[in-house]
Amino acid sequence: MTVKVALLGCGNVGSQVARILLEQSDELAARVGAPLELTGIAVRNPDAARDVELPREIFTTDAHALVDGADIVIELIGGLEPAGEYIERALRRGASVVTGNKALLAARLPELTEAAEAGGAQLLYEAAVAGAIPILRPIRESLAGDDITKVMGIVNGTTNYILDAMDTSGAQFDQALADAQRLGYAEADPTADVEGHDAAAKAALLASLAFHTTFALENVHCEGITSISAEDVAAAEDAGMVIKLLAIAERGTDSAGDEGISVRVHPTLLPREHPLAAVRGAFNAVFVEAENAGELMFYGQGAGGAPTASAVMGDVVSIGRTRATQAAGGSVAEPQPRPSRPLGIADAATSYALSLDVSDETGVLAEIAGIVARHGVSIETMRQTASAEGGAGSARLRIITHVGREAALAATVADIEQLPVVKAVSSVVRVEGK
Ligand SMILES: NC(=O)C1=CN([C@@H]2O[C@H](COP(=O)(O)OP(=O)(O)OC[C@H]3O[C@@H](n4cnc5c(N)ncnc54)[C@H](O)[C@@H]3O)[C@@H](O)[C@H]2O)C=CC1
Ligand SMILES: N[C@@H](CC=O)C(=O)O
Ligand code: NA
């Protein structure tokens, strides 16, 4: 069998999904247990310029015909209509749907879930919350045996990008927003981002899944970042804090002591040491607190075409595999593991931080630099200080290399150790994350 996939919309995310479906068809077929066939892409204008080169004949303006012939419909148009009508039509016909449309889901999740049940279809939307970060599946599946008490996170890339730019480079709000739009992070109407509506929709979805309920969007308290000024950002910095737009969903009690769920989105001051304060650019992060698991943090790219397409494709493969299994009347073969070729430590790519005690005399640096260059290694930083350990006439050199092959770095150190001007190599520690 072949799993027929219809794509609706070919913008930032849709074009990347189409690219992956076409470029990685063999790998995807192996993981699904059957080929995924992209039957067409519904667009408004087949001749519009796209980020990705795609065959002209794949485009259609007849979304209904495309939906009606599909096993899986991927909706990446955005907005309430016609996206809602296409999704409902697909689900009622028995085609499963993958979407990133949090605005629609937060507004109509109960009806769409009912349509999926009526059609015996699946509705998956990992891309709708925190882009590439796997957060919905972990909440729905991995934490299904625990009791979640709080979810708190940065779930809008555009506003985090703007606040981060204002904090780090003193950028103006408008310029930072224009950059976020150019980079494909912002919604078609960026008001949804800066007024907090996008984060509020995601917060409603998170609360619904985390607390096994339906939390209506209208019950999410929502404040955006449009009132945050450069002065607010500077004042936060002076106080050792940073301003972040947080989405928070937690169990609590009201003044009468009755239990309930509080869901809110608002700009929030965080101490700079807080893990969420370190979330930069369009990255997102979500903290989950559960009775037994304790604190968990999920971090990654919350917006952008390719990262969001990754989440879409995860859902597509999952549904495709279910379909292929049903068609096979039980199970499909597990993908055969590819043979792996282990690389030894000598081939590891890393960088070294070295501390050397050397004679404090002219020409030492040149000798060391000569050895380093001979091994094809390059130095990122070299700092010289007086050495307490090496004794009088000694200097301490601290060198950090660029990334190189371990074998070359180790051979460099071995040769440096042999130099008469080198009294000791006092430490060699590998460095990652530069
Ligand atoms: N861009 C991002 O970083 C993320 C986007 N999303 C969601 O993914 C969805 C798509 O987002 P983007 O790709 O960024 O939007 P986009 O605006 O770049 O793409 C939407 C495309 O749909 C087309 N379109 C509009 N009406 C149509 C119709 N009736 N039939 C066919 N095509 C139609 C538009 O011309 C546009 O090319 C939205 O629901 C968005 O909220 C979710 C997570 C991240
Ligand atoms: N506009 C959204 C896109 C992802 O959901 C954002 O900026 O996070
Ligand atoms: Na996600």
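The rules we used
Numbering of residues begins from 1 in every chain and follows the order in which that chain's sequence is written. Here the convention is simple: chains get letters from A, ligands get numbers from 1, in the order in which they are written. Local features in this predicted model are restricted to residues of pLDDT 70 or higher, and side-chain atom pairs are both shown and tallied only at a pLDDT of 80 or more, whereas totals for entire chains, interfaces and linings draw on every residue. Hydrogens and water are ignored here; the side-chain numbers use all heavy atoms of the structure. UniProt positions are given in the numbering used here, feature names are shortened, and annotations may be inferred rather than shown by experiment. Residue ranges assigned to the domains are those given by an automatic or database domain assignment. Each helix corresponds to a stretch of at least 4 residues labelled H or I by DSSP, and each strand to a stretch of at least 2 residues labelled E; elements are numbered beginning at the N terminus. Remark: exposure states derive from per-residue accessible area (1.4 Å probe, protein chains only) relative to the maximum for the residue type, with buried under 20%, exposed over 50%, and partly exposed in between. Throughout, a contact is declared for two residues whenever any of their heavy atoms are within 4.5 Å. Basic side-chain nitrogens of Lys or Arg form a salt bridge, by our definition, when they fall within 4 Å of a carboxyl oxygen of Asp or Glu. In this analysis, strands are considered paired if DSSP registers two or more bridges between them. Put simply, a residue is near a molecule or strand once any heavy atom of it comes within 4 Å of that molecule or strand. The nonpolar class holds Ala, Val, Leu, Ile, Met, Phe, Trp, Tyr, Cys and Pro. Asp, Glu, Lys and Arg form the charged class, and all remaining residues, Gly among them, are polar. Here a pair means two rings of Phe, Tyr or Trp (six-membered ring of Trp) with centres within 6.5 Å. Their orientation is stacked below 30 degrees between planes, edge-to-face above 60, and tilted elsewhere. The criterion for a charge sitting over a ring is simple: Lys NZ or Arg CZ within 6 Å of the ring centre, and within 35 degrees of the ring normal. In this description, a line fitted to the C-alpha atoms serves as the axis of each element, helices being fitted only across the stretch in contact, and the angle between N-to-C directions of two axes falls anywhere from 0 to 180 degrees. For Na, K and Ca the donor cut-off is 3.2 Å; for every other metal, N, O and S atoms count as donors within 2.8 Å. Water does not enter the count, which can leave sites looking incomplete.

Labelled according to an unreviewed UniProt entry, the chain appears under the name Homoserine dehydrogenase, originating from Zhihengliuella alba. Checking UniProt for the chain, the heading Cofactor (unreviewed entry) contains the comment "a metal cation". Quoted verbatim from the Function (unreviewed entry) heading of the UniProt record, the comment on the chain is "Catalyzes the conversion of L-aspartate-beta-semialdehyde (L-Asa) to L-homoserine (L-Hse), the third step in the biosynthesis of threonine and methionine from aspartate."

With that out of the way, let us pick up the domain arrangement of the chain. By domain assignment, the chain separates into domain 1 (3-124), domain 2 (137-301) and domain 3 (348-431). Once you take the C-alpha centre of each, domain 1 and domain 3 turn out to be 56 Å apart.

Turning our eyes to something else, we now look at the environment of Ile 400. When you line up the elements, Ile 400 lands in strand E15 (residues 394-401). The partly exposed category is assigned to Ile 400, whose relative accessible area is 27%. Along the backbone, Ile 400 and Ile 379 are 21 residues apart, and their C-alpha atoms lie at a distance of 6.1 Å. If we skip the residues at most four places from it in the chain, Ile 400 touches Tyr 352, Ala 353, Ile 379, Glu 380, Thr 381 and Lys 434.

This model, assessed by the stated rule, comprises 26 salt bridges. Among the salt bridges present, the one from Glu 88 reaches Arg 92, with a minimum N-O distance of 3.1 Å. Residue Glu 88 and its partner Arg 92 are located together in helix H4 (residues 83-93), separated by four residues, close to a single helical turn. Residue classification places Arg 92 among the partly exposed residues on the basis of a relative accessible area of 40%. Each of Glu 81, Glu 88, Arg 92, Arg 108, Glu 111 and Glu 114 takes part in salt bridges that share partners, so that together they form one network.

What follows is about the pairing of strand E2 (residues 36-42). Along any regular strand, the residues point their side chains to alternate faces of the sheet. Judged by how many residues are buried, E2 sits mostly within the fold: five of seven residues are covered. Summarising the sheet, strand E1 (residues 3-8) and E2 pair through six bridges and their orientation is parallel. Each bridged residue has a counterpart across the sheet, and for Ala 6 the counterpart in E2 is Gly 40.

Attention now goes to the site of ligand 2. The full set of residues close to ligand 2 is Lys 102, Asn 156, Gly 157, Thr 158, Tyr 185, Ala 186, Glu 187, Asp 193, Asp 198, Lys 202, Gly 302 and Ala 303. Those elements giving two or more residues to the shell around ligand 2 turn out to be helix H7 (157-169) and helix H10 (197-210). In the shell around ligand 2, the residues fall into three nonpolar, four polar and five charged.

Summed over all chains, the structure comprises two aromatic pairs. Ring geometry for Phe 283 and Tyr 299: centres 5.2 Å apart, planes at 15 degrees, overall stacked. Of this pair, Phe 283 sits in strand E11 (residues 283-290) while Tyr 299 sits in strand E12 (residues 294-301), and the two are 16 residues apart along the sequence. Judged by relative accessible area, which is 29%, Phe 283 ranks as partly exposed. A relative accessible area of 46% means that Tyr 299 is categorised as partly exposed. Over the aromatic face of Phe 59 sits the side chain of Arg 50, whose NZ or CZ is 4.8 Å from the ring centroid.

This brings us to the sheet that holds strand E6 (residues 123-124). Taken together, the six strands give an open sheet; going across it, the order is E3-E2-E1-E4-E5-E6, and neighbouring strands pair in parallel fashion. Each edge of the open sheet carries a strand with a single partner, namely strand E3 (59-60) and E6. Direction of pairing for E1 relative to strand E4 (residues 72-75): parallel, over a ladder of four bridges. Of the residues in E4, the one forming a bridge with Leu 8 is Glu 75. Against the sheet, helix H12 (residues 305-327) contacts E1, E2, E4, strand E5 (96-99) and E6, and its axis sits at roughly 170 degrees relative to E5.

So, on to the coordination of the sodium ion (ligand 3). Bound to the sodium ion (ligand 3) are the protein donor atoms Glu 126 (O), Glu 126 (OE), Val 129 (O), Gly 131 (O) and Ile 133 (O), situated 2.4 to 2.6 Å from the metal. Each donor residue of the sodium ion (ligand 3) lies on one chain, and together they are spaced E-x2-V-x1-G-x1-I. Across the pair, exposure class does not vary: Glu 126 and Val 129 are buried alike.

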